[in-house]
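Given next are the chains, with one letter for each unit.
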Number of protein chains: 2
Amino acid sequence: MREFRGKLRILLIDDNADHLRGVKELITLESNYDVVGATTSANIGINLIKKYHPDIVLMDINMPEKDGLQAIQDIEKLNLNTRVIALSGYDDADLIFRAMKLGAKGYILKTMASAQLIYAIDEVAAGKIYLPSALSSRFFDYFQRSFKEESNSADAENLLTYLTAREEEVLDLLTQGNNYKGIAGKLFISETTVKTHVNNIFQKLQVNDRTQAVLYALNNGFANKRRAKLAV
Amino acid sequence: MREFRGKLRILLIDDNADHLRGVKELITLESNYDVVGATTSANIGINLIKKYHPDIVLMDINMPEKDGLQAIQDIEKLNLNTRVIALSGYDDADLIFRAMKLGAKGYILKTMASAQLIYAIDEVAAGKIYLPSALSSRFFDYFQRSFKEESNSADAENLLTYLTAREEEVLDLLTQGNNYKGIAGKLFISETTVKTHVNNIFQKLQVNDRTQAVLYALNNGFANKRRAKLAV
DNA sequence: CAATTTATCAATCCAAAGATGTACGCCAAT
DNA sequence: ATTGGCGTACATCTTTGGATTGATAAATTG
């Protein structure tokens, strides 16, 4: 992935000046790394990234001024080949999850040994993901929990299962914002037939109108390929 | 997590009888494992799980009869302390992602060395997640890609930003399935005022009716705490 | 201060949505 | 052969939704 440039070009962003200096010295000691910048400001850091296109960014995500997570997102939107490793003092599952979600390629704790940091940089530079075993477990716990609730609510008896195939077709078109005429046109049936189906759908889903039907469908795992979301 | 029982109790499910036998022999060789069952049928396997409550299930997820992924989900719904490790011939990112999502605590390839399998069992039994580095990378690639599209579409100019605070309130109530009367009642304003707001919302979101407005809101990151979903 | 935006309300009109009842051909299961 | 579910269709009626225009007061902003 990374083309040969001799040295890995690294940018450091950490609002703690002491820690920033420490990491910088540590990395500079490694002969094959080149620190192209080190700043305590996320905003300045992002500008430096636009300028220098570093290979790796070490980003502290616990900063007051600008949220480090937000910064990661901004960097990802630049669509460079820059890979971000999140630096944090906390092994909080939610933090890890959000950092990875926003595109971080690694997550390491400030308390970790310096050898770990070097290893992480090498791994990420090689195109891999670096997540220490303990953090990885936290991540997956969080990840799986966020779906467990979903599948639980899903089996609280899903009224969608009572729909006939045709009704599902109609509901699918409803969830795309179609009105009666639109659905009739797409299914080559009359508008009154659509009304019949829609009314049957209302009965089965125990709702009063199309908006509620659409919401029910969306909230109960109605096959909807267009959405793939998780709360931020 | 796991209480002391002397030996780890393991159940094997694999529709390939040869592979099943091979794995069984391999595991039986380990002195601290106890194979409590081995079957080529997912359905029988699930019944065995209900009966024996094994510590670990090795589940082949490429089976014709019953989808292994579905089986994982079924097992998770039992809410036992049984941990499932997915066995697969493929290192397909989507497969890995779905298996983990449904609650698998590990994922290993059939081509992997037997030592790996033993190691994975021990790790998972100890409460950890086992995902070989290569598969982990695939997982995260997939994971991050599924969010990338989202954030891209989110900044394609979000018409929601044009809404006033009041309009957002109204839209929020719309996304809960309220009609005019309901909204008017909840905001202590007249129904005609609500209509005005809703009409303004339509204009700003460039949609024709409430259903489309609700869909737009949901698909464009409208703060909606109730949904936290990913496509299956 | 003047201009603009926002929130509120009203009246009207037409279109769309929803409720209800009826009906008929098809097909699968009993 | 009969029953029942499904898909289709229509008519009728009521309610809700949506477009348009206009108006007023408060808040915001230049």
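Residues numbered from 1 in each chain as written. Chains lettered and ligands numbered in written order. Predicted model: local features only at pLDDT ≥ 70, side-chain atom pairs only at ≥ 80, totals over all residues. Heavy atoms only, no water.

### A few points about helix H2 (residues 42-52) of chain A
Residues and elements named next belong to chain A.
- Along H2, the residues that are buried comprise Ala42, Gly45, Ile46, Leu48 and Ile49. Considered in projection along H2, the buried side chains sweep an arc of 160 degrees and stay on one side of the axis.
- Considering only its buried residues, H2 is in contact with strand E1 (8-13), strand E2 (33-39), strand E3 (56-60) and helix H3 (68-77).
- If you check the start of H2, you find a side-chain oxygen 3.3 Å away from the backbone N of Asn43, and it comes from Ser41.
- Positive phi shows up at His53, right after H2, with a value of about 45 degrees. (Buried < 20%, exposed > 50% of the residue type's maximum accessible area, 1.4 Å probe, protein only. Helix = DSSP H or I, 4+ residues; strand = E, 2+ residues; numbered from the N terminus. Arc of directions from axis to C-beta. Contact = heavy atoms within 4.5 Å. Polar contact = N/O pair within 3.5 Å; in protein donor to acceptor, adjacent residues only side chain to side chain.)

### Focus on the sheet that holds E2 of chain A
All names here are of chain A.
- What the 5 strands build is an open sheet, ordered E2-E1-E3-E4-E5; its pairing is parallel. Two strands bound the open sheet, and with one partner strand each, they are E2 and strand E5 (106-109). Strand after strand, the sheet turns through a mean of 20 degrees between neighbouring axes, direction not considered.
- Each of E3 and strand E4 (83-88) is contacted by H3, which is oriented at about 155 degrees to E3, the strand it contacts most. (Pairing = 2+ DSSP bridges. Axes fitted to C-alpha atoms, helices over the stretch in contact; angles between N-to-C directions.)

### Quick look at the protein's contact with DNA strand D
- The environment of DNA strand D is formed by 17 residues, the closest being Thr164, Arg166 and Ser190 of chain A together with Asn199 and Arg210 of chain B.
- Take the atoms of DNA strand D that sit within 4 Å of the protein: sugar and phosphate atoms are 69% of them.
- At 3.1 Å from a phosphate oxygen of DNA strand D is found a side-chain nitrogen or oxygen belonging to Tyr180 of chain B.
- Contributing elements (two or more residues each) for the surface near DNA strand D: helix H7 (165-174) and helix H9 (191-205) of chain A together with helix H9 (191-205) of chain B.
- With 4 residues, H9 of chain A is the largest single contributor of residues to the surface near DNA strand D.
- Its residues assigned to classes, the surface near DNA strand D shows 4 nonpolar, 9 polar and 4 charged. (Near = heavy atom within 4 Å. Nonpolar A, V, L, I, M, F, W, Y, C, P; charged D, E, K, R; others polar.)

### Focus on the protein's contact with DNA strand C
- Every one of the 17 residues lining DNA strand C counts as a neighbour, but Asn199 of chain A together with Thr164, Arg166, Ser190 and Thr193 of chain B are closest to it.
- Of what DNA strand C places within 4 Å of the protein, 70% of the atoms are sugar or phosphate.
- A distance of 2.5 Å is found between a phosphate oxygen of DNA strand C and a side-chain nitrogen or oxygen belonging to Asn199 of chain A.
- For the surface near DNA strand C, the secondary-structure elements that each account for two or more residues are H9 of chain A together with helix H7 (165-174) and H9 of chain B.
- Per element, the largest residue contribution to the surface near DNA strand C is 4 residues, and it comes from H9 of chain B.
- Among the residues making up the surface near DNA strand C, the classes are represented as 4 nonpolar, 9 polar and 4 charged.

### Section: the pattern of salt bridges
Residue and element names in this part refer to chain B.
- This structure, assessed with the given rule, holds 16 salt bridges over all chains.
- Measuring nitrogen to oxygen at the nearest pair gives 3.6 Å for the salt bridge that ties Lys110 to Asp14. Residue Lys110 is located in the loop between strand E5 (106-109) and helix H5 (114-125), and its partner Asp14 is located in the loop between strand E1 (8-13) and helix H1 (17-29); the two are separated by 96 residues in the primary sequence.
- Exposure remark for Lys110: the relative accessible area of 28% places this residue in the partly exposed category. (Salt bridge = Lys/Arg side-chain N within 4 Å of Asp/Glu carboxyl O.)

### Looking at the side chain of Asn178 of chain B
Residues and elements named next belong to chain B.
- Considering the arrangement of structural elements, one finds Asn178 in the loop between H7 and helix H8 (180-187).
- Within the structure, the side chain of Asn178 is placed 2.7 Å from the backbone oxygen of Leu173, a separation counted as a polar contact.
- There is a polar contact of 2.6 Å between the side chain of Asn178 and the side chain of Lys186.
- Those residues in contact with Asn178 that lie beyond four places of it in its chain are Leu173, Ile183, Lys186 and Arg210.

### Regarding the pairing of strand E3 (residues 56-60) of chain B
Residue and element names in this part refer to chain B.
- Buried residues dominate E3, accounting for 5 of its 5 residues.
- Burial of E3 is two-sided: the residues Ile56, Leu58 and Asp60 facing one way and the residues Val57 and Met59 facing the other way are all buried.
- Summarising the sheet, E1 and E3 pair through 4 bridges and their orientation is parallel. Directly across from Leu12, in E3, lies its bridge partner Leu58.
- Alignment of E3 against strand E4 (residues 83-88), held across 5 bridges, turns out to be parallel. Its bridge partner lying in E4, Met59 is registered against Ala86.

### Quick look at unusual backbone geometry
Residue and element names in this part refer to chain B.
- The residue His53 is not glycine, and still its phi comes out positive at about 45 degrees.
- Summarising the element assignment, His53 is placed in the loop between helix H2 (42-52) and E3.
- At Phe188, a position not held by glycine, the phi torsion is positive, near 55 degrees.
- Looking at Phe188, the relative accessible area reads 76%, which means it is exposed.

### Digging into the packing of H7 of chain B against H8 of chain B
Residues and elements named next belong to chain B.
- Where H7 meets H8, the axes come as close as 10 Å, and the angle between the chain directions of the two elements is 130 degrees. Taken together, the axis directions place H7 and H8 in an arrangement best described as oblique. Classified by chirality, the crossing of H8 by H7 is right-handed. Residue-level contacts link Arg166, Glu169, Val170, Leu173 and Leu174 of H7 to Ile183, Lys186 and Leu187 of H8. (Parallel < 35°, antiparallel > 145°, perpendicular 65-115°, else oblique. Left-handed = near helix turned anticlockwise from the far one by under 90°.)

### Considerations on the sheet that holds E5 of chain B
Residue and element names in this part refer to chain B.
- Here we have 5 strands laid out as an open sheet, ordered E2-E1-E3-E4-E5, and parallel in their pairing. Here the strands that pair on one side only, and so sit at the sheet edges, are strand E2 (33-39) and E5. Strand-to-strand twist in this sheet, taken as the mean axis angle between neighbours without regard to direction, amounts to 20 degrees.
- Sheet topology note: the E1/E2 ladder contains 6 bridges and is parallel. Opposite Arg9, over in E2, you have Asp34 as the bridge partner.

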